[in-house]
Amino acid sequence: MKVDILTLFPEMFTPLEESIIGRAKEAGKIEITVHDIRNYTLNKHKKCDDYPFGGGAGMVMTPQPIASAIEAIDPEHKAHRIFTSPKGETFKQSFVSRLISYDWIIILCGHYEGVDQRVIDLYIDEEISIGDYVLTGGELPAMVITDCLARYCDGVISTDSLSEESFSAGLLEYPQYTRPQEFKGLKVPDVLLSGNHGEVDKWRYEKSLEITKKNRPDLLK
Ligand SMILES: C[S@@+](CC[C@H](N)C(=O)[O-])C[C@H]1O[C@@H](n2cnc3c(N)ncnc32)[C@H](O)[C@@H]1O
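So, here's what we can say about the structure. Every value quoted in this text rests on a predicted model; they were computed, and no experiment measured them.

Our next topic: the site of the ligand. Lining the immediate surroundings of the ligand are 19 residues, of which Thr84, Gly110, Gly114, Gly138 and Pro141 lie closest. The leading source of residues in the shell around the ligand is strand β5 (residues 80–90), at four residues. Looking at the shell around the ligand residue by residue, the class counts come to seven nonpolar, ten polar and two charged.

Following this line, the structure appears as structure tokens:
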């Protein structure tokens, strides 16, 4: 999968160089390119924002640099183009199977008060929010979406890990334990040390149900 990210703050994307995503990039399992929108502005002072028509607080990202960036990167509109926005549909695990089916996605990051609506009308296929709160920019949402999709690119993590985790079967995951068997007086549940896989599976399912009922009863509806 190929992901192109458009931002005014490319230096914010260093987390994608680390850990599992960094290794996946190096191994060519996912191609992530971060583009600086400022490189596409025709403004001699490299300005990419301006005051909102109609008044109001803050600045709005101007359409020309974004339009030029998208037209240069994807002139034939082959990529699925996403704009990160609190006004979008809320990102969920269930989005992954659809989004991963695109070979190529472009993610536009807004900043300040957002971007000129004409860019969204002309160039964007889908607006995605990562939750009901407002952040300073779309950079963290772009990383959230990219990280989540990267986990499902072939060979990035084991398929076992993907099949037994929160949301995979409509439930939250059971508690996990590792060494030591006792830590600060708290012991690992005996069943996990029993070697009885049937009992382990039963315990894990019951715990998943219990945690889901407590924290996310909406998932059980
Ligand atoms: C300060 S926000 C703009 C908020 C906008 N004025 C509003 O009220 O909807 C700046 C940018 O951050 C990004 N952003 C903020 N919160 C977000 C969220 N929950 N999900 C996705 N993107 C978000 C968007 O790209 C947005 O254009």
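Assignment of secondary structure puts Ser194 in the loop between β9 (186–187) and α7 (197–215). We classify Ser194 as exposed; it has 12 C-beta atoms within 10 Å. Distance in space between the C-alpha atoms of Ser194 and Tyr205 is 16 Å, their sequence separation being eleven residues.

Reading across from one edge, β2-β1-β6-β5-β7 is the order of the five strands in this open sheet, with parallel pairing throughout. One side of each edge strand has no neighbouring strand; the edge strands of this open sheet are β2 (31–36) and β7 (126–129). Averaged over neighbouring strand pairs, the angle between their axes works out to 30° when direction is ignored. As paired strands, β5 and β7 are joined by five bridges and run parallel to one another. Note that in β7 the partner of Glu89 across the bridge is Ile128.

About the cut-offs
Residues numbered from 1 in each chain as written. Predicted model: local features only at pLDDT ≥ 70, side-chain atom pairs only at ≥ 80, totals over all residues. Near = placed C-beta within 6 Å. Helix = DSSP H or I, 4+ residues; strand = E, 2+ residues; numbered from the N terminus. Nonpolar A, V, L, I, M, F, W, Y, C, P; charged D, E, K, R; others polar. Buried ≥ 20, exposed ≤ 12 C-beta atoms within 10 Å, placed from the backbone. Pairing = 2+ DSSP bridges. Axes fitted to C-alpha atoms, helices over the stretch in contact; angles between N-to-C directions.

These results come straight from atomic positions and should not be treated as a statement about function.
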